[in-house]
Amino acid sequence: NPFGKIPSLIDGDFTMYESAAINTYLGDKFRARLGAPDLVPRAGTKERGRYEQLVCCLMAEMDAQGLWIHRKHESLPKMVPQSFQAIPEAVTAARSHFDKVLGIVLDDL
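Quick caveat: nothing in here was measured; it's all calculated off a predicted structure. (Residues numbered from 1 in each chain as written. Predicted model: local features only at pLDDT ≥ 70, side-chain atom pairs only at ≥ 80, totals over all residues. Heavy atoms only, no water.)

Describing helix α3 (residues 88–108)
- The end-to-end C-alpha separation of α3 is 30 Å, in line with the 30 Å expected for 21 residues at 1.5 Å each.
- Within α3, burial applies to Ala90, Val91, Ala94, Val101 and Val105. Each buried residue of α3 lies within a common arc of 100 degrees when the element is viewed along its axis, so the set occupies one face. Pointing more than 90 degrees away from the buried face of α3 are the exposed residues Pro88, Glu89, Thr92, Asp99, Lys100, Ile104, Leu106 and Asp107.
- Those residues of α3 that are buried lie in contact with α2 (46–79). (Helix = DSSP H or I, 4+ residues; strand = E, 2+ residues; numbered from the N terminus. Expected span 1.5 Å × (residues − 1). Buried < 20%, exposed > 50% of the residue type's maximum accessible area, 1.4 Å probe, protein only. Arc of directions from axis to C-beta. Contact = heavy atoms within 4.5 Å.)

Overview of the state of the cysteines
- Under the definition given, this model contains zero disulfides.
- You can see Cys56 has no disulfide; the closest cysteine sulfur is in Cys57, sitting 8.8 Å from it.
- Classification of Cys56 as partly exposed rests on a relative accessible area of 44%. (Disulfide = S-S within 2.5 Å.)

Regarding the environment of Pro7
- Among the structural elements, Pro7 can be located in the segment before β1 (8–11).
- With 13 residues separating them along the chain, Pro7 and Ala20 place their C-alpha atoms 9.9 Å apart.
- Contact partners of Pro7, with chain neighbours within four places excluded, come to Asn1, Tyr17, Glu18, Ser19 and Ile22.

Some words on the packing of aromatic side chains
- Taken as a whole, this structure holds two aromatic pairs when the rule is applied.
- Centre to centre, the rings of Phe3 and Tyr17 are 5.4 Å apart; their planes meet at 85 degrees, and the pair counts as edge-to-face. Placement of the pair is Phe3 in the segment before β1 and Tyr17 in strand β2 (residues 14–17), with a sequence separation of 14 residues.
- A residue is classified by how much of its surface remains accessible, and Phe3, at 52% relative accessible area, is exposed.
- On the basis of relative accessibility, which here comes to 34%, the residue Tyr17 falls in the partly exposed class.
- Seen in terms of ring centroids, Phe14 and Tyr25 are 5.3 Å apart; in terms of plane orientation they differ by 55 degrees. Their pairing is tilted. Of the two residues, Phe14 sits in strand β2 while Tyr25 sits in helix α1 (residues 19–29), which places them 11 residues apart along the sequence. (Phe/Tyr/Trp six-rings, centres within 6.5 Å; stacked < 30°, edge-to-face > 60°.)

Remember, this is a structural readout, not a statement about activity or role.
Here it is in structure tokens:
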């Protein structure tokens with residue numbers, strides 16, 4: 001992984017990173033193997049569109065935005081106070097946004 005993080009996947013001469021992309025790649029590659037159910041919907045279907053929508057929402061709205069703001073303004077100031085200062089209003093806003101997005105996602109399932 002060029003970011004020095006987990007996960008990464010090496011499949012022969014092909015290397016990739018980012019968990020959602022790895023999950024989709026593996027789901028497509030091993031579709032219907034040994035009678036197992038599909039891990040991701042087939043490309044070009046409404047179900048695949050909803051799958052991609054959910055994956056993108058989880059990554060962009062819940063993880064990248066909501067959880068990062070929470071980590072930056074609540075967790076990191078406790079771990080490295082010389083580098084990060086807590087902004088309680090940011091944590092409150094992040095929690096509110098996370099709860100809103102979670103409600104939308106759960107209603108959509």
